[in-house]
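Observations on the model geometry
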Amino acid sequence: MVDDILRTPGAVRDAERWTAHNYHPLPVVISSAEGAWLTDVDGRRYLDCLAGYSALNFGHRHPQLIAAAHAQLDRLTLTSRAFIHDQFADFCRELAELCGKDLVLPMNTGAEAVETGIKVARKWGYQVKGVAPGQANIVVAEGNFHGRTTTIVSFSTDEDARADFGPYTPGFTVVPYGDLDALTAAIDENTVAVLLEPIQGEQGVVVPPEGYLPGVRQVCTERDVLFIADEIQSGLGRTGATFACDHEGVVPDMYLLGKALGGGIVPVSAVAANADVLGVLKPGQHGSTFGGNPLACAVAVEVVRLLATGEFQRRSAELGERLRAGLEGLVGKGLVGVRVRGLWAGLDIDPALMSGREACERLAARGVLAKDTHGSTIRLAPPLVITEEEIDLAVTALAEVLAG
Ligand SMILES: Cc1ncc(COP(=O)(O)O)c(C=O)c1O
């Protein structure tokens, strides 16, 4: 096909013309997808190794999720929380059971789940812990990524995310990630919560040292502080377990969930915690018009059922070993570092060779889509339905890109 009859260049131009440039997408224009594969407007196929930043853990258009969405579209899509609908209780109960918690509070985006967690922790601090009015503090980690609201970017250490969005919300103390002594030292009588990603995804799939998460759990228990685990990207099967915290046998006081909970169909997020924590919220104190809507609940309850089988966690753990073996074989051949947990990998490319962006562009030319983060790091997060052969295909494409 000659260039001037390809649809991609015009579609890229139009997208750039009509939108704010708050993203820098690869110049591919997708028109359909199934499983782990995407097809663009010119009929080219790509293996999806990003999976919507883990929002597509079950692949594109998983039949069980699509069927649930279709059936719900034909019956009821929105009530608001002014009324109760018939999908609501099942979703909340099954998700609470998956999390081993008493209660669930559904929202829409990940950032809203984080905001919810912050509000609940503060209220719990004042009403249960007895923190003096206006003094509540939350300990967070350097390199965090919890979303884009004004409060959340207030405690970001990424200048792109934070600069020029002040004035910033007070009440957060930032400590180095993975340093238990620093975290312990930052806790005082006003500390209501520690908010952490058990693995820092946006930072490049950074796994904390073994023993860190159990240490955080212990110090939170000892000092009467809530441990809030942001599992929005790491949770729901991505790492080879239901939650990344499971790898170290850690149970936080609050799970923040999102992304994959919506099955790649609708935005669904949630906070799961016990009644002594989530019970601090009373009518009128928090909510969202769309949170827990019928379509969201109908899809998300099927997501929970897929996870309840354990199949996706198993696949992620087993196939993750194949991915690890393939990627570790490239260390010294263009990669200078690799971190893998389940089907989630952070790859550090030798910066002398090329940037992460350049590597992703070259991967795209070979039919593999991935996303760079922080200069020379690439994150791989393929749908958990990916096969062994497809993993090999991605690793081979990467090897070719690195070999120039
Ligand atoms: C760990 C984590 N928390 C929160 C968010 C924010 O989620 P959303 O983009 O749905 O607001 C993200 C998104 O990447 C994330 O990775």
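Look above for the structure.
Structure report, in brief. (Residues numbered from 1 in each chain as written. Predicted model: local features only at pLDDT ≥ 70, side-chain atom pairs only at ≥ 80, totals over all residues. Heavy atoms only, no water.)

Description of the site of the ligand
Selection rule: Throughout, near means a residue has at least one heavy atom within 4 Å of the molecule or strand. Whenever two N or O atoms come within 3.5 Å, that pair is a polar contact, provided that in protein one can donate a hydrogen and the other can accept it, and provided that, for residues adjacent in sequence, both atoms are side-chain atoms. Areas reported here follow the Shrake-Rupley algorithm with a probe of radius 1.4 Å; residue values treat only the protein chains shown as occluding. By the convention adopted, Pro, Cys, Tyr, Trp, Phe, Met, Ile, Leu, Val and Ala count as nonpolar, Lys, Arg, Asp and Glu as charged, and the other residues, Gly among them, as polar.
What surrounds the ligand is the set Thr109, Gly110, Ala111, Phe145, His146, Gly147, Glu197, Glu202, Asp230, Ile232, Gln233 and Lys259. Between the ligand and Ala111 there is a distance of 2.8 Å, counted from an oxygen atom to a backbone nitrogen or oxygen. A distance of 2.7 Å is found between an oxygen atom of the ligand and a side-chain nitrogen or oxygen belonging to Lys259. Burial of the ligand by the protein amounts to 81% of the accessible area it has alone, namely 390 Å². In terms of residue class, the shell around the ligand is built from three nonpolar, five polar and four charged.

Focus on the layout of surface pockets
Counted only if it meets this: Here a cavity means grid points, on a 1 Å grid over the protein atoms only, where a 1.4 Å probe fits yet cannot get out; a pocket means an open set of points with protein on both sides within 12 Å along at least five of seven lines; lining residues are those with an atom within 4 Å of a point. Grid points are joined across faces, edges and corners, and a volume is the space filled by probe spheres set on the points. The helix count covers DSSP runs of H or I at least four residues long, the strand count covers runs of E at least two residues long, and both are numbered beginning at the N terminus.
Considered as a void within the structure, the second largest pocket measures approximately 360 Å³ in volume. Considering the residues around the second largest pocket, the lining is formed by 17 residues, among which Arg81, Val104, Leu105, Pro106 and Leu281 are closest to the centre. For the lining of the second largest pocket, the secondary structure elements donating two or more residues are helix H4 (88–99) and strand E4 (103–107). Residue contributions to the lining of the second largest pocket peak at four residues, all from E4.

Considering the side chain of Glu197
Defined as follows: A 1.4 Å probe rolled over the protein chains alone gives each residue an accessible area, and that area as a share of the maximum for its type sets the label: buried under 20%, exposed over 50%, partly exposed in between. The charge count treats Lys and Arg as positive and Asp and Glu as negative. His and the chain ends do not count. Basic side-chain nitrogens of Lys or Arg form a salt bridge, by our definition, when they fall within 4 Å of a carboxyl oxygen of Asp or Glu.
Mapped onto the elements, Glu197 comes out in the loop between strand E7 (191–196) and helix H9 (212–222). Among buried charged residues, Glu197 stands out as having no salt bridge; its nearest opposite-charge side chain is Arg379, 8.0 Å away. Within the local environment of Glu197, its side chain forms a polar contact with the backbone nitrogen of Phe145, the two atoms lying 2.9 Å apart.

As for unusual backbone geometry
Cis geometry is found at the peptide bond from Gly166 to Pro167, where omega equals 5°. If you trace the backbone, Pro167 turns up in the loop between helix H7 (159–162) and strand E6 (172–175). The phi torsion at Ser80 lies on the positive side, around 70°, for a residue other than glycine. Overall, Ser80 belongs to the partly exposed group, its relative accessible area being 25%. Look at Asp164: it is not a glycine, yet its phi comes out positive at around 70°. Locating Asp164 in the fold gives a position in the loop between H7 and E6. Residue classification places Asp164 among the exposed residues on the basis of a relative accessible area of 75%.

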